[in-house]
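Summary of the model geometry
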Amino acid sequence: MVTVPVCLGATWTQPSPEELKMTSDPAVPGAAAVYLSLEVTANDNFQEYVLYARVKIFTQEGVSRYSDVEIPYEVRYQGIRGVEGRTIHSDGTVIPFTGKPFQKELVKAGDVRISEKAFSMPDVQVGSILEYRYVLSYEGVNAPKWYLQQPIFVHHAHYHFMPVKGAHLLATQSLPAGAKVEDQHSMGWDLVLNDVQPQVEEEDTPPMHNLGYYVLFYYAVEDIDTPAEYWEQAGDLWSSDADGFMAPGKLRKVVEGIVAPGDTDEEKARKLYAAVMGLENTSFTREHSAAENKADNLKTSKAIDIWNAKRGDADEIALLYVGMARAAGLKAYAMMVTDRDKNIFLPGETDWRQLDDAVAIVSLGGKERFLDPGERYCEFGEMHWKHTRTIGVRQMEKGVQVAATPPPNFTDTKTVREADLTVDADGHTAGTLHVAMTGAAALRWRQEALLTDATQAQKEFSDGLDGNLPAGITVSMKAFTALTDSTAPLVATLDVSGTMGTKTGKRLLLPGTFFEARTKPRYASTTRQNPVSLHYSYAVEDQVKLNLPAGATVELLPKSQVIPFLPYARFAGKYGMNGNAYEYGRAEEVGGIEYETSRYPELRNFFQSINTQDQAELVLIPAPVAETGGASNPK
């Protein structure tokens, strides 16, 4: 068994002549790089995690992708030290890493601080072997999660974990055939793997680490024997803490000042939702320091404290809303859910850290409504897409249970794009665009403006739109309307200018669609290894009017077409002339968000067919230019 180097200054591995001479790998033809070996050890007694890697580079792409080593970590609880490395050229020349890692902040939201230390291996060339190690230290215990498939092929991997002595340790695992985690008792747990296939990165893939091979350790209480028992016990503890925090009795006077005695349950729920949406959500602004809280005489032990301070993080505001709803006499429950943008909930993994965010459930008219008051600017009655169709633990009338949130509805996220444009005989174009958005489409830009600023959000929106419009066309963003009002559609207004189309002889070839003229086809690959997971379902409607030059005749129109992918999606495009104006309507509706690989060919065909339709041309013959008077040319 390979010994994991757990101390600084450990000897390096002398590459074999065969490793130095490798120019490709028959196990993965055409690969940019492979791991020759990957060794990982975690020791909760010493509170350190050590990674040691040897990477062989085969192509220039491999040089670009794997020369930089990036190490994310949680600033408050973790640190990086002992960074060492060297590059070995194919002739055996050794170039040691002598620099220092540089640090950059990745996430700063609420009490979360995630940074990254990165370093560049020296003088990397095609044929080089990269060898490096580092130590990640941490506070407390940190039962490791081994995600075993990497972006590139792994020839040999060795994982070792030394848990806290005397602890009751369990593991959830998904392993390749023949692999086994060995319990070495006083020597810890070991796993050795050979020839591990890479995990392919594909468009619209669910969180990759849950799709491949893994071993997830966790410390367990001695009297818990099944995952169901864990989730019930852990859920009861969380529920009790949440109830104590909400303390609806302390919120009753606040609620009486917001709702009226004659309000329906729906009106109460909406008024309270609007009230908490007006608070500062520090998950989207900034965490206030302990000194600031002390100066403001702020306590955060109860929901009433959050209301009085007029600020709190996303989870605090969500629980505040549930407490206020209860104080108003509504049946309301809290729920902790997995952010499906980051993870897939695994019932067998008995780790509360799978659950990321708090949401609210309110019973209205005998039907439960799932709400997301912790997501700033999320519309009432809807949820951020990352909280839809996911799993979590929710409160019930009695006790708790593992449950699912509802899937998104395509009617909730609707984008209506309108254009009124004028084009002359040379393709010079001018006009105005209006883009109205609801649901997830609107929430994205509202929260982006909150996290950066309105100017930056407008620029990013304009740039994203500009990239899909016809070549030669530019847009100038005028403004967002209702940027801070989640009760109304978010509307972007833009001015259009530029020249589009191609002149060939007497003809002017124009794009048959405007908003999708340069959109790249989705799902270019004919094969697929992973299921497809869209962020959310949606509907997009286009209404475009193109006023043509006087006297122009239309030689060719795009053909109206309906493209079904029932029951999941549907496309319809209708194109025609109205006087001297070319007008078209385009509707794209996608209801399903998850597709197994068996449905991939149909899904791909649907989007490829749409793209083909969107690339159809409008062919004009402009009116001939009138001849002007003057002396005739001699014959």
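Nothing here was measured: the structure is a model prediction, and the numbers come from that model.

Here the focus is helix H8 (residues 314–327). Between its terminal C-alpha atoms H8 stretches 20 Å, which fits the 20 Å expected from 14 residues at 1.5 Å a residue. H8 sits mainly inside the fold: twelve of its 14 residues count as buried. Sitting at the amino-terminal end of H8 is Asp313, which places a side-chain oxygen 3.2 Å from the backbone nitrogen of Asp315. With its phi angle positive at about 90 degrees, Gly329 sits one or two positions after the end of H8.

Turning our attention to the sheet that holds strand E9 (residues 145–147). Strand order in the open sheet formed by three strands is E9-E14-E11, with antiparallel pairing between adjacent strands. Both edges of this open sheet fall to E9 and strand E11 (169–174), since each of them pairs with a single strand only. Neighbouring strand axes in the sheet, compared pairwise and without regard to direction, differ in orientation by 10 degrees on average. Here E11 pairs with strand E14 (residues 214–219) via six bridges, running antiparallel.

Right, let's get into the packing of helix H5 (residues 265–277) against H8. Contact pair H5 / H8: the axes reach a minimum separation of 10 Å and the direction vectors enclose 150 degrees. As summarised for this structure, H5 and H8 are arranged roughly antiparallel, according to the angle between their axes. Note on packing geometry: the crossing formed by H5 with H8 is right-handed. On the side of H5, the interface is formed by Ala269, Leu272, Tyr273 and Val276, while H8 contributes Ile317, Leu320, Tyr321, Met324 and Ala325.

A few words now on the packing of aromatic side chains. Under the definition given, this model contains 25 aromatic pairs. Relative to Tyr600, the ring of Tyr523 has its centre 5.9 Å away and its plane inclined at 80 degrees; by these criteria the two rings are edge-to-face. Here the residue Tyr523 occupies a position in the loop between strand E27 (507–511) and strand E28 (532–533), and Tyr600 occupies one in helix H11 (residues 600–614), the gap between them amounting to 77 residues. Here Tyr523 matches Tyr600 in class, with each residue buried. Following the ring pairs from residue to residue traces out a cluster consisting of Tyr523, Phe565, Tyr568, Tyr595, Tyr600, Phe606 and Phe607. One Lys or Arg, Arg133, reaches over the ring of Trp12 and ends 4.1 Å from the middle of that ring.

The next subject is the environment of Thr405. Along the polypeptide, Thr405 turns up in the loop between strand E21 (400–404) and strand E22 (414–423). Measuring from C-alpha to C-alpha, the distance between Thr405 and Met335 comes to 9.4 Å, with 70 residues separating the pair along the chain. With residues up to four places along the chain from it excluded, the contact list for Thr405 reads Met335, Val337, Phe370, Met383, His387, Thr388, Arg389 and Thr390.

The final tally for this structure, using the stated rule, is 29 salt bridges. Between Asp351 and Lys145 there is a salt bridge, with its nearest N and O atoms 3.0 Å apart. Here Asp351, found in the loop between strand E17 (332–337) and strand E18 (357–364), pairs with Lys145, found in strand E9; they are 206 residues apart in sequence, far enough to count as distant. Judged by relative accessible area, which is 31%, Lys145 ranks as partly exposed. Measuring nitrogen to oxygen at the nearest pair gives 2.8 Å for the salt bridge that ties Asp463 to Lys459.

Assignment of secondary structure puts Tyr214 in strand E14. By relative accessible area, which is 10% here, Tyr214 ends up buried. As for Tyr214 and Ala303, which are separated by 89 residues in sequence, their C-alpha atoms are 39 Å apart. With sequence-adjacent residues up to four places away left out, Tyr214 is seen in contact with Trp146, Tyr147, Leu148, Thr172, Gln173, Ser174, Leu175, His209 and Leu346.

Packed helices, taken two at a time, are described by their axes: the angle between them and the distance between them. At a minimum axis distance of 9 Å, the contact between helix H3 (residues 227–246) and H8 shows a crossing angle of 70 degrees. Taken together, the axes of H3 and H8 are roughly perpendicular relative to one another. Contacts between H3 and H8 pair Ala242, Asp243, Phe245 and Met246 from the former with Glu316, Leu319, Val322, Gly323 and Arg326 from the latter. When its residues are assigned to classes, the contact of H3 with H8 shows five nonpolar, one polar and three charged.

Attention now goes to the environment of Pro558. Mapped onto the fold, Pro558 is located in the loop between strand E30 (553–556) and strand E31 (561–565). For the pair formed by Pro558 and Ala616, sequence separation is 58 residues and the distance between their alpha carbons is 5.6 Å. Those residues within four positions of Pro558 in sequence are excluded, and the remaining contacts are Gly512, Tyr575, Tyr582, Ala616, Glu617 and Leu618.

Conventions used here
- Residues numbered from 1 in each chain as written.
- Predicted model: local features only at pLDDT ≥ 70, side-chain atom pairs only at ≥ 80, totals over all residues.
- Heavy atoms only, no water.
- Helix = DSSP H or I, 4+ residues; strand = E, 2+ residues; numbered from the N terminus.
- Expected span 1.5 Å × (residues − 1).
- Buried < 20%, exposed > 50% of the residue type's maximum accessible area, 1.4 Å probe, protein only.
- Polar contact = N/O pair within 3.5 Å; in protein donor to acceptor, adjacent residues only side chain to side chain.
- Pairing = 2+ DSSP bridges.
- Axes fitted to C-alpha atoms, helices over the stretch in contact; angles between N-to-C directions.
- Parallel < 35°, antiparallel > 145°, perpendicular 65-115°, else oblique.
- Left-handed = near helix turned anticlockwise from the far one by under 90°.
- Contact = heavy atoms within 4.5 Å.
- Phe/Tyr/Trp six-rings, centres within 6.5 Å; stacked < 30°, edge-to-face > 60°.
- Lys NZ or Arg CZ within 6 Å of the ring centre and 35° of its normal.
- Salt bridge = Lys/Arg side-chain N within 4 Å of Asp/Glu carboxyl O.
- Nonpolar A, V, L, I, M, F, W, Y, C, P; charged D, E, K, R; others polar.

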